[in-house]
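Structural overview
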Amino acid sequence: MNRIKTIISICLLISLITIGNLYAQQKTIPQKVEDLLKKMTLAEKIGQLNQLNGDWEATGPITKDVGSKLDAIKRGEIGSVLNIVGVQHTRAFQDAAMQSRLKIPLLFGQDVIHGYSITFPIPLAEAASWDMPAIEKSARIAATEAAAGGVHWTFAPMVDIARDPRWGRVMEGAGEDPYLGSLIATARVHGFQGKGLGNLDAVMSCAKHFAAYGAAIGGRDYNSVDMSLRTLWEIYLPPFKAAADAGAATFMNSFNDLNGTPASANSYLMRDILKGKWGFKGFVVSDWGSIGEMINHGYVKNNYEAANASINAGSDMDMESRSYINNLAKLVADKKVSVSTIDEAVRRILTKKFELGLFDDPYRFSNAEREKSVLNTPEHVEAAREMARKSIVLLKNEHNVLPLSKDLNSIALIGPLVTAKKEMKGFWSLDVGDETKIVSLYEGMQQAAGKTKLLVAKGCDITDTSRAGFDEAYKTAMHADVVIMAMGERPDMTGEAKSRSNIHLPGVQEDLIKAIMATGKPVVVLLMSGRPMVFNWTADHVPAILYTWWLGNQAGNAMADVLYGNYNPGAKLPITFPRTEGQIPIYYNHYNTGRPAHGDNDVNYTSAYIDLPNSPKYAFGHGLSYTTFGYSNLRFSKKFLSKNESITVSFDLQNTGKYAGEEVAQLYLRQMVSQPVRPIKELKGFQKVMLQPGETKTITFTIDKQKLSFYNDQLQWITEPGEFGLMIGSASDDIRLQDSFSLVNTPAH
Ligand code: BGC
């Protein structure tokens, strides 16, 4: 009997333990976070807010070292490590975290900006595709590869609007337009986070740099930003809002001060807007050392004050400045920072660690087998080629120099970038993949050229001013039927801390182009760069120009595809190309002013330069195709709408040329009269449409209140009744159809 009793008691105990375990497993993430928080000492909490650079390259100035990082991790003083990739490395660091008292896993962050092992085109190039599914796919692949390499978190997308091509970081964003930028922000967040955190192919995204970093005065990196709150809300914040709405797990603040308050201590941005009005549930990381840099700003005296200002303003994690780890305990003791403020930051970070599944298995992203099988698959390579082709902008194509005939005897490939390989990756690419697999223009052409002979001459360097190679290049060109010139910047001339006051095509490259044009041969110029450059002579004299940015691993194949017409280019500029630096800042969605110039020569007391036209060299939205498109038959469902109605506008888009091709049909609106005033044009919709030769499709846009609203002086999101100009076209300066409609107070009949 006693034995039976004992057995029953044991069974009861086992089931109680099982139920207990099940209950623990069934706990929600918020419950698990609270349980853990209760066990943590203040020092352990502060450790979670501290992020340090790992053993990969540093992407900023290293703060003086603090001894062994692994020992600090074991003591629970580090919550996250950046710049550490690969299963082997991440495992070693996670091993140390597993020796800490509470075994809280580390988060590994990395700038996976445009690809991980397979490099995709730079973000600005991808933006030129205006192709959201393709952009999302690119981020998806980057995430899949990064997550297989031990990375939990990418510091992307950068969603900073940029109206100044001198700023080196234009390469990293989506250009100048808030509407296009918002769609791209959404696509990238969805791409990185896939079906949601916790999946083995999803990494946390990070919308950066919050906020207005792209408006650095003079285009000089890290410089101050001074702007009206209305411009902030209308132009610079929308892509951040889109990223938050898309579920971005994290935000990063920025180096700049905004109207005198550094972003890293800007509670208006972080507390009022992001965590308040927008209800953001993720966490905010500072930029590299930006909390400590507030001493240089003159905003605080020392790191103690810096930590105080930042944590209270809503910066949850300190990247690399060590202000938090060294000062927060004292700030709590001094009653300057409350434990609940610390808890709130820790809670946000732990929540993400739980969502990623790291408490179930801290090594789940560090699996050597997966790392081997997931990286560099043929599908990834093919997607990179497809994305690269979609990013190439045909700026000019006179006399149909392009596409190239397959029957040419010989082609001369001339210029400093013809055989360049690793350069094709551009800035913010990782040293993970095999650089021998990157396809240069020369290699791409070798694959595509068939019997056509390829002659190669460098001609000159990128920045060097020697003309010693001109003669040989001239002679090479004389032997060829067609000349293709690969010109541009060095990849490290755009990117962080890469602002330029002079954005002309560098060195003597434009002189080489002139010399080659003197041969009388048909010339095609390919321009490689991370920003809009100035190249007026080339633009005015060379018959065919392709802007190829930095296209990534498959650059050469993609360029050859386009040169031969195996792919018909359809990209459109996401940023205005100025005639010269004196026009900057230049953007299409400006106000009309009281004395607008009528045309480029109207300088009679108008808002104009007496030595330069107002128009850009290439406008926002510009980009040609090997075929042509006709726009006709604009019609409205009705011409009046009230606030809660919508109307549709339709038109017929026809492929009027010889090649199948894609057009990005763009819809712009202008409120004719309002207070405050509205821009002369704002992109409010677009559709990318594939048409066979002769084919016509009806395109329809819906216009509702959302498209007609704007911020008034009190920053209220309002509509004002009145007349709206409607413009539909192939570029912001190539409007093919226009009319107007009105927003009225009462429902229209
Ligand atoms: C950049 C960030 C980047 C960080 C980490 C900073 O210098 O501004 O965009 O994510 O470094 O590499």
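Just above sits the structure.
Residues numbered from 1 in each chain as written. Predicted model: local features only at pLDDT ≥ 70, side-chain atom pairs only at ≥ 80, totals over all residues. Heavy atoms only, no water.

**Quick word on the sheet that holds strand β5 (residues 206-210)**
- Strand order in the open sheet made by the 3 strands is β5-β6-β9, with parallel pairing throughout. This sheet does not close on itself; its edge strands, each paired only once, are β5 and β9 (283-285). Taking the axes of each pair of neighbouring strands and ignoring which way they run, one obtains an average angle of 25° across the sheet.
- Two elements, strand β6 (residues 250-253) and β9, share 3 bridges in a ladder whose sense is parallel. Across the sheet, Phe-251 pairs through a bridge with Val-284, a residue of β9.
- Packing against the sheet, helix α10 (residues 238-245) makes contact with β5 and β6, and its axis sits at approximately 155° to β5. (Pairing = 2+ DSSP bridges. Helix = DSSP H or I, 4+ residues; strand = E, 2+ residues; numbered from the N terminus. Axes fitted to C-alpha atoms, helices over the stretch in contact; angles between N-to-C directions. Contact = heavy atoms within 4.5 Å.)

**Some remarks on the site of the ligand**
- Taken together, 13 residues lie near the ligand, and Thr-59, Asp-111, Arg-169, His-209 and Asp-287 sit nearest.
- A distance of 2.5 Å separates an oxygen atom of the ligand from a polar atom in the side chain of Asp-111.
- A distance of 2.6 Å is found between an oxygen atom of the ligand and a side-chain nitrogen or oxygen belonging to Asp-287. (Near = heavy atom within 4 Å. Polar contact = N/O pair within 3.5 Å; in protein donor to acceptor, adjacent residues only side chain to side chain.)

**Here we look at the packing of helix α13 (residues 303-313) against helix α14 (residues 323-333)**
- Two numbers describe how α13 lies on α14: the axes approach to 8 Å, and their chain directions differ by 80°. One finds that α13 runs roughly perpendicular with respect to α14. The segment α13 lies against α14, with Asn-303, Tyr-304, Ala-306, Ala-307, Asn-308, Ser-310 and Ile-311 engaging Ser-323, Tyr-324, Asn-327, Leu-328, Lys-330 and Leu-331.
- Here the contact of α13 with α14 is composed, by residue class, of 7 nonpolar, 5 polar and 1 charged. (Parallel < 35°, antiparallel > 145°, perpendicular 65-115°, else oblique. Nonpolar A, V, L, I, M, F, W, Y, C, P; charged D, E, K, R; others polar.)

**Here's the deal with the packing of aromatic side chains**
- One pass over the structure, following the stated rule, counts 32 aromatic pairs.
- Centre to centre, the rings of Phe-210 and Trp-278 are 6.0 Å apart; their planes meet at 55°, and the pair counts as tilted. You can see Phe-210 sitting in strand β5 and its partner Trp-278 sitting in the loop between α11 (267-277) and β9, a full 68 residues away along the chain.
- Taking the relative accessible area as the measure of exposure, Trp-278 reaches 13% and is therefore buried.
- The rings of Phe-210, Trp-233, Phe-240, Phe-251, Trp-278, Phe-280, Tyr-711 and Trp-717 are connected pair by pair, giving a single aromatic cluster.
- Lying across the ring of Tyr-587, Arg-163 places its NZ or CZ 3.5 Å from the centre.
- One residue, Lys-208, lies across the ring of Trp-428, its end atom 5.5 Å from the ring centre. (Phe/Tyr/Trp six-rings, centres within 6.5 Å; stacked < 30°, edge-to-face > 60°. Buried < 20%, exposed > 50% of the residue type's maximum accessible area, 1.4 Å probe, protein only. Lys NZ or Arg CZ within 6 Å of the ring centre and 35° of its normal.)

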